[in-house]
Amino acid sequence: MIKKIVLTGGPSSGKTSVLEKIEQIYSAQGYRVILVDETATYLINKGIKPFGEGKIDLVDFQELVMKMQLAKEDVIERAAQMMDDDKIIIVYDRGAIDNRAYINEEEFKDVLTRLNNVVTIKDLMDKYDLVINLVGCKEFYTTDNNAARSEDSDSAMKLGDVTLRSWLGHKNIRIVYPKETLA
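Residues numbered from 1 in each chain as written. Predicted model: local features only at pLDDT ≥ 70, side-chain atom pairs only at ≥ 80, totals over all residues. Heavy atoms only, no water.

Draft legend 1. Representation of the overall build of the protein in the model. Each helix and strand counted, the protein has six helices and five strands in total. When the helices and strands of the protein are placed in sequence order, the string is β-α-β-α-α-β-α-α-β-α-β. Across the 183 residues in the protein, those meeting the buried criterion constitute 44%. Within the structure as shown, the protein displays about 9,900 Å² of accessible surface, and the carbon and sulfur contribution to it stands at 49%. (Helix = DSSP H or I, 4+ residues; strand = E, 2+ residues; numbered from the N terminus. Buried < 20%, exposed > 50% of the residue type's maximum accessible area, 1.4 Å probe, protein only. Areas by Shrake-Rupley, 256 points an atom, 1.4 Å probe, with all protein chains shown as cover.)

Put into structure tokens, the structure is as follows:
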């Protein structure tokens with residue numbers, strides 16, 4: 001059994017801390033937990049970014065994120081199918097739908113078109129068994145632990161709201177507020 005979980009939310013909403021906790025809890029219960037890093041942060045940390053000096057167009061950036069995200073998901077899911085374990089959880093630090101929060105709906109549809117229409121919004125929603133959305137808190141926002149962050153705390157909270165709205169309609173979404181825990 002392979003379960004695919006997306007951990008999502010705005011910048012600095014606690015995804016990294018929760019990823020570590022999920023891995024700890026489920027590994028202790030005999031699950032093989034595969035954590036998949038956030039694609040946009042990876043690209044930004046490599047110097048491919050939609051802001052600052054040497055920036056690329058935001059929609060072009062989202063196309064690159066989407067291509068890489070979907071390729072990573074395909075590789076990880078294929079590898080999981082090859083494993084002998086009967087209890088596997090794949091946890092994605094953001095899923096493909098997260099891109100909708102950073103561009104408007106028309107631009108997101110353009111990105112899907114650029115991918116030769118291989119996926120639809122429904123396809124993307126259906127890829128994941130569970131979506132856990134972490135709601136951020138302005139008081140906890142920081143750029144200290146992630147060099148890829150460029151927004152201020154107000155913008156981060158707005159991105160969190162838009163990210164959550166992007167996932168609404170998923171068949172199994174859980175919303176976790178700042179004082180809740182998964183333990």
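That shown, we press on.
Draft legend 2. Expanded view of the sheet that holds strand E3 (residues 88-93). Read from one edge to the other, the open sheet built from five strands follows the order E2-E3-E1-E4-E5, with strand pairing classed as parallel. Single-partner strands in this sheet number two, and they are strand E2 (32-36) and strand E5 (173-176). Here the strands of the sheet are splayed against their neighbours by 20° on average, with no regard to which way each runs. Strand direction decides the pairing type here: strand E4 (residues 130-134) and E5, joined by four bridges, are parallel. Bridge pairing in E5 links Asn133 to Ile175. Packing against the sheet, helix H3 (residues 58-82) makes contact with strand E1 (2-9), E2 and E3, and its axis sits at approximately 170° to E3. (Pairing = 2+ DSSP bridges. Axes fitted to C-alpha atoms, helices over the stretch in contact; angles between N-to-C directions. Contact = heavy atoms within 4.5 Å.)

Draft legend 3. A look at the nonpolar core. Counting 25 residues, the largest nonpolar core has Met66, Leu70, Ile90, Leu112, Leu124 and Trp167 as its most contacted members. Going through the elements one at a time, E2, H3, E3, helix H4 (105-114), helix H5 (121-126) and helix H6 (153-167) are the ones with two or more residues in this core. When residues of this core are assigned to their parent elements, the largest contribution, four residues, is made by H3. For Leu112, the contacting residues outside a window of four places in its chain are Met66, Asn117, Val119, Thr120, Ile121 and Leu124. Formed by 12 residues, the second largest nonpolar core is a distinct cluster that contains Leu19, Leu130, Ile132 and Leu134. (Core = buried A, V, L, I, M, F, W, Y, C linked by side-chain atoms within 4.5 Å.)

Draft legend 4. Geometry of the environment of Ile76. Its place among the elements puts Ile76 in helix H3. Residue Ile76 is classed as partly exposed on the basis of its relative accessible area, which comes to 23%. Remark: the alpha-carbon pair of Ile76 and Val36, spanning 40 residues in sequence, is separated by 8.1 Å. Setting aside its immediate chain neighbours within four residues, Ile76 contacts Ile34, Val36 and Ile90.

Draft legend 5. Expanded view of unusual backbone geometry. One non-glycine residue with positive phi stands out, namely Arg94, at about 80°. One can find Arg94 in the loop between E3 and H4.

Draft legend 6. Spatial organisation of H3. Between the first and last C-alpha of H3 there are 36 Å, a value that for 25 residues agrees with the 36 Å anticipated at 1.5 Å per step. Residues of H3 that are buried make contact with E1, E2, helix H2 (39-45), E3, H4 and H5. (Expected span 1.5 Å × (residues − 1).)

Draft legend 7. Representation of the pattern of salt bridges. A complete count under the given rule lists 11 salt bridges for this structure. Taking the shortest distance from any N to any O, the salt bridge between Arg114 and Asp60 comes out at 2.6 Å. In this pair, Arg114 is assigned in helix H4 and Asp60 in helix H3, connecting sequence segments 54 residues apart. Residue Asp60 is classed as partly exposed on the basis of its relative accessible area, which comes to 33%. Among the ionic contacts, a cluster of salt bridges with common partners joins Asp60, Glu63, Lys67, Asp110 and Arg114. (Salt bridge = Lys/Arg side-chain N within 4 Å of Asp/Glu carboxyl O.)

Draft legend 8. Spatial organisation of the packing of H3 against H4. Look at H3 against H4: their axes get within 9 Å of each other, and the N-to-C directions meet at 50°. Compared by their axis directions, H3 and H4 come out oblique. The hand of the H3/H4 crossing is right-handed. Contacts from Val59, Asp60, Gln62, Glu63 and Met66 in H3 reach Glu107, Phe108, Asp110, Val111, Leu112 and Arg114 in H4. Of the residues that constitute the contact of H3 with H4, the class distribution is five nonpolar, one polar and five charged. (Parallel < 35°, antiparallel > 145°, perpendicular 65-115°, else oblique. Left-handed = near helix turned anticlockwise from the far one by under 90°. Nonpolar A, V, L, I, M, F, W, Y, C, P; charged D, E, K, R; others polar.)

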